[in-house]
Amino acid sequence: MADLRSFDKMPLLNAGAVLLLGGEESWRERLAQALLRDPRSFQVQIHMAPGLPLPTDPHRPRFDLLVLFISLHSPAGLTEALRDLSRMDPHFLLGRVCFVAAAGGARRPRALEEEAVRRLADTHCSPLLFLHTDSEEDVRCVARRLLQLLSVCAGLVPGVSALSLASFTWSSTGN
Amino acid sequence: MAVQDVRRSFQRTRQDSSVQQLDEAIAYFKTVCRNVSSKDSLLSKHLSAIEVLGMQHGIPADGIDFFLDIALSSKLADSVNTRLLRSLLPASEIPKSSVIKGVSLFCAGKCSSNMKVLFIRWLITVYDLIPCKDVLSSLYNFFFIFLQDDKLCPYLCHLLYLITSKDHVRPYRVRKLLELQNKKGSYPPLLGLLSIYKIFCPEMVSFVLPSRLKNFFKGSNLLWTSELRAVVKRNTGDPTMDRRLFVGEKRTAGSRKRKWNCGFSPPVSTNIWSSVPFSDNLNRNETFPIEKLQTFSQLLENIHRLELPAQMGSVLKNPLLLHYINCIKEDTPFLRLNYWLASTLQEECAWYTGKTCDKEAGEFLGAVVEMQQFLQEGLSSSEAFLYKSLPHWNGNHRTQILKLISWIPIGPSSELELFLYKPLSLVFATSSLNLKCDILASLKALLQNWLIWHSVSAEKLRADTTGNHTMSGFLTSVEDLIQFTGRLSTLALQMQSSALLLNFILDFYELVCDMYVRFDLPLVVLPPPGVFYPALLCTDSVNLDHLCYIMTRYRTNLVTVKDQAKHKRDKIYMTISRQTFEEYNQYLATMVGCLWTSQAFQDTHPQGIKLDPELLASTGVPSANKSFNLVFHPALIGYSSKFLYQKFPEERPFQLNLIRGHMWNKYLEFLYSQGMNGLQLFIESSVTRVSGNTEPQKEPIEKSDLAAQNLN
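Remember, it's a predicted structure, so these values are computed and weren't measured experimentally.

**Quick notes on the overall build of chain B**
Next up, step 1: The number of helices and strands found in chain B is 33 helices and two strands.
Next up, step 2: The 712 residues of chain B split such that 53% are buried.
Next up, step 3: Taking all contacts inside chain B whose residues are at least 6 apart in sequence as the whole, residues at least 24 apart take part in 71%.
Next up, step 4: Per element, the accessible surface of chain B, about 31,700 Å² overall, is 53% carbon and sulfur.

Dropping the structure here:
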């Protein structure tokens, strides 16, 4: 099974494909539902997997955006994310990867320091969002943010590319 | 009487059976003998009746008084006493006498240590239902002495933490606490008590508190929070219930630990004083009871003898007390408010720690916003809260968070960059058009607040000899904020070309362009090309007019800079760099070239709209250079068509080219009459018309006035 390629297929017409990776299954599903529920002007294709590599499937579309869940409750969250990162085309890291650090339930103990997750996202020059899966509102807001990101990554916003957006969020802070 | 009120309401809701049970239980406990077995069936029947009544409706005040006496006097077995005290959930306020009686029994040492612990926990839990806190305050020493007791210590620390006011902080107490602290090491409850001492008298407690520790007291100190809340909620639902409990606010009680039950504390106590004539009261008491404070004139008369409430949270919604905090010279109230706010925000609104934050948290944030608006000042605690929560912010509680952002106090640029600009730019990049507009509006409000703050404190800064440092720091922060907003605006206009968005961006620059004249700030920052060009080539007249107005104001500001530099030769006025003038002139030349002299596409700006003449000719567009002048500009073509139709209603081929010569002047007047005031100001200030209306056939050829250009 090969690594996930970024440019081996033609893009979809007026549509964006997003791959949700890692984390807990229920979280991926809730986010996917929220993504589909939000009103938007383009089609969204959502694929979900617990991790890379994916089984071979010729009908799989070209992914415009990879969403990497990192569970703040699991001590292995970081290593899983790193493993997935090593199995994808590095071109994805030019603005088409988004980390989502997720936590659900105030009672559940946290195994990961937020700082470590932030460092991971920083070293991979990718945005990091925080998701609190308990709150319906929060899931909806994160879905909305991801859709904005997806529309840029899928090339649906003329004049702005995924890379230019990533470099903007990077350069606007001076580092 | 409260008890009768309670009873009446019980009867009305057909719950008199439980009241009857209570009466029976009281009668039983009056006669019960000392050595009754704890397994006695009659006893356990009455106990469970009290428990049920307590958990469902609360125990009325006289019942509390009676059972407190029974439970603490150790007449019965300990297990019975424990059950009894645990079910004493008050239905209304607890009278002063009961508290005093309870504490005296507690001090008498008749009851076991477990009962003592339970009693203190009970006191902490019902703290908000004790109307007159000075009872506890006068008993301060009794509690303090028991701190020696290891078992009681954590609970007493919590209770003292709630009671302590400034008067209680005395050197001998601080010494005692530090001694205990040395003995016990880093002991959270003691640290909590010390922290409140430190807030009142920082000079007495030199001890450094660990900043990471915030929760000094465990929630387990409280007996029943949800039940009490439920009882209060149920009781508020009934209008015939004890009125005193629910005077003023409709807010239901939250958890006790957070001191944010402003519905309880100050308004509740009003009737305590009603038995004494008002004037008597004033003569007898040094301090003016804040419950009596109703009008502004009262505040003015008694400002010297006000004492702030034990619960700082009650200040939040009381404008008079906020006035007081605002004008008083002492730092303590402000420090206390800040401290209280920091811990409450952390406890109640920190969704980023995984707590579920509901509507109540939003309401609270709203109250904080209102308070800051009232004080016209951002508090450092809400700033710290924002910095912690912004990386986690996905857009919930949007209005409140954005308003909090606009009250961030001005700080060093590097800090703002790390904590505000970085997370905000990510939020902005992934936000909808609507949120983008809101963020820009809140950044405008932030800048405005900074500028107003500066103009208010400018006098102070000038008088200060070290003022220059502060001034340059302030200028850097302001400039960075403007540049940051410029970058956000550029990105936003790249992603979405929307008239609404442009309107918000230009609103921001309307404030920026006037900083020199309006706020006396030696700073002129021009919009980046990514904002200027989209605004110049926009398709709606409102924004074009707005841009014209802004450019005129920039001009006024720059001319003032030049004038003052000539006259005053003051160093501070020379800080506007030559580059700014040059850039402004380039923008101006482009604008005049596009709108007036029909010389579009000859821009000299590196990011300007420049096209080779051959390339332009190859497009085949007739007279392409004219395409952005006042007649053909996409934002104005509607006006020119309307004008032409009014002038030549029967003209066969519709030719906009007809608008020239004296028609051009008529057209200008027409535009002005349509409300294009910005355009009028711009043309009147920036365009000097050398060849007037003498040649009607020729298009007016005017020279733009680049007066600001030749500045040395």
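**Focus: the pairing of strand β3 (residues 65-71) of chain A**
Consecutive side chains along a regular strand alternate between the two faces of the sheet.
Residue and element names in this part refer to chain A.
Next up, step 1: When you tally the buried positions in β3, you get seven out of seven residues, the bulk of the element.
Next up, step 2: Inspection of the sheet shows strand β1 (residues 15-21) paired to β3 by four bridges, in the parallel sense. Within β3, the residue paired with V18 across the bridge is L65.
Next up, step 3: Here β3 pairs with strand β4 (residues 97-103) via six bridges, running parallel. Paired with L68 across the two strands is F99, which belongs to β4.

**Section: the sheet that holds β1(A)**
Residue and element names in this part refer to chain A.
Next up, step 1: The parallel open sheet is built from five strands, whose spatial order is β2-β1-β3-β4-β5. Looking at the sheet topology across the chains shown, the edges are occupied by β2 (43-49) and β5 (128-132). Pairwise comparison of adjacent strand axes, ignoring direction, gives a mean angle of 25 degrees for this sheet.
Next up, step 2: Where β1 lies against β2, seven bridges are found, and the strand directions are parallel. Following the sheet pairing, A15 is matched in β2 by Q43.
Next up, step 3: Of the strands in this sheet, β3, β4 and β5 are in contact with helix α3 (residues 114-123), which crosses β5 at around 140 degrees.

**Describing empty space enclosed by the protein**
Next up, step 1: According to the stated counting rule, one finds four cavities of 30 Å³ or more in the structure shown.
Next up, step 2: If you go around the second largest cavity, the residues you meet are G95(A), P127(A), L149(A), A162(A), L165(A), A166(A), T169(A), L426(B), A429(B) and T430(B).
Next up, step 3: For the lining of the second largest cavity, the elements supplying multiple residues, two or more each, are α5 (162-171) of chain A together with α22 (413-429) of chain B.
Next up, step 4: Here the element with the most residues in the lining of the second largest cavity is α5(A); it accounts for four residues.
Next up, step 5: Of the residues in the lining of the second largest cavity, the class split is seven nonpolar, three polar and no charged.

**So, helix α17 (residues 319-327) of chain B**
Next up, step 1: Of the positions making up α17(B), those classed as buried are L320(B), L321(B), L322(B), Y324(B) and I325(B).
Next up, step 2: At its buried positions, α17(B) is contacted by α16 (296-302), α18 (332-348) and α19 (359-375) of chain B.

**Quick word on the UniProt feature "transmembrane region" (unreviewed entry) in chain A**
Next up, step 1: Mapped onto the present numbering, the UniProt feature "transmembrane region" (unreviewed entry) falls at residues 149-170 of chain A.
Next up, step 2: With 64% helix and 0% strand, the stretch residues 149-170 of chain A has end C-alpha atoms that lie 15 Å from each other.

Calculation rules
- The residue numbering used here restarts from 1 in each chain and proceeds along that chain's sequence as written.
- Numbering of ligands from 1 and lettering of chains from A proceed in the order in which they are written.
- Only residues with pLDDT of at least 70 are given local features in this predicted model, and only at 80 or more are side-chain atom pairs given and counted; all residues enter the totals for whole chains, interfaces and linings.
- The side-chain values count all of the structure's non-hydrogen atoms but skip hydrogen atoms and water molecules.
- Think of it this way: any DSSP run of H or I at least four residues long counts as a helix, any run of E at least two long counts as a strand, and we number them from the N terminus.
- Think of it in three bands: with a 1.4 Å probe and only protein chains considered, a residue is buried below 20% of the maximum accessible area for its type, exposed above 50%, and partly exposed in between.
- Working rule for contacts: check all heavy atoms of both residues, and any pair within 4.5 Å makes them a contact.
- To measure how exposed things are, a 1.4 Å probe is used in the Shrake-Rupley method; for residues, cover is taken only from the protein chains shown.
- Here a strand pair is declared whenever DSSP counts at least two bridges between the two strands.
- An axis is simply a line fitted to the C-alpha atoms; with a helix, the fit covers only the stretch in contact. Between two such axes, the angle follows the N-to-C directions and lies from 0 to 180 degrees.
- Points on a 1 Å grid over protein atoms alone make up a cavity when a 1.4 Å probe fits among them but cannot get out, and a pocket when they form an open set with protein on both sides within 12 Å along at least five of seven lines; lining residues each have an atom within 4 Å of a point.
- Grid points are joined across faces, edges and corners, and a volume is the space filled by probe spheres set on the points.
- Lys, Arg, Asp and Glu make up the charged group, whereas Ala, Val, Leu, Ile, Met, Phe, Trp, Tyr, Cys and Pro make up the nonpolar group; the residues left over, Gly among them, are polar.
- UniProt positions are given in the numbering used here, feature names are shortened, and annotations may be inferred rather than shown by experiment.

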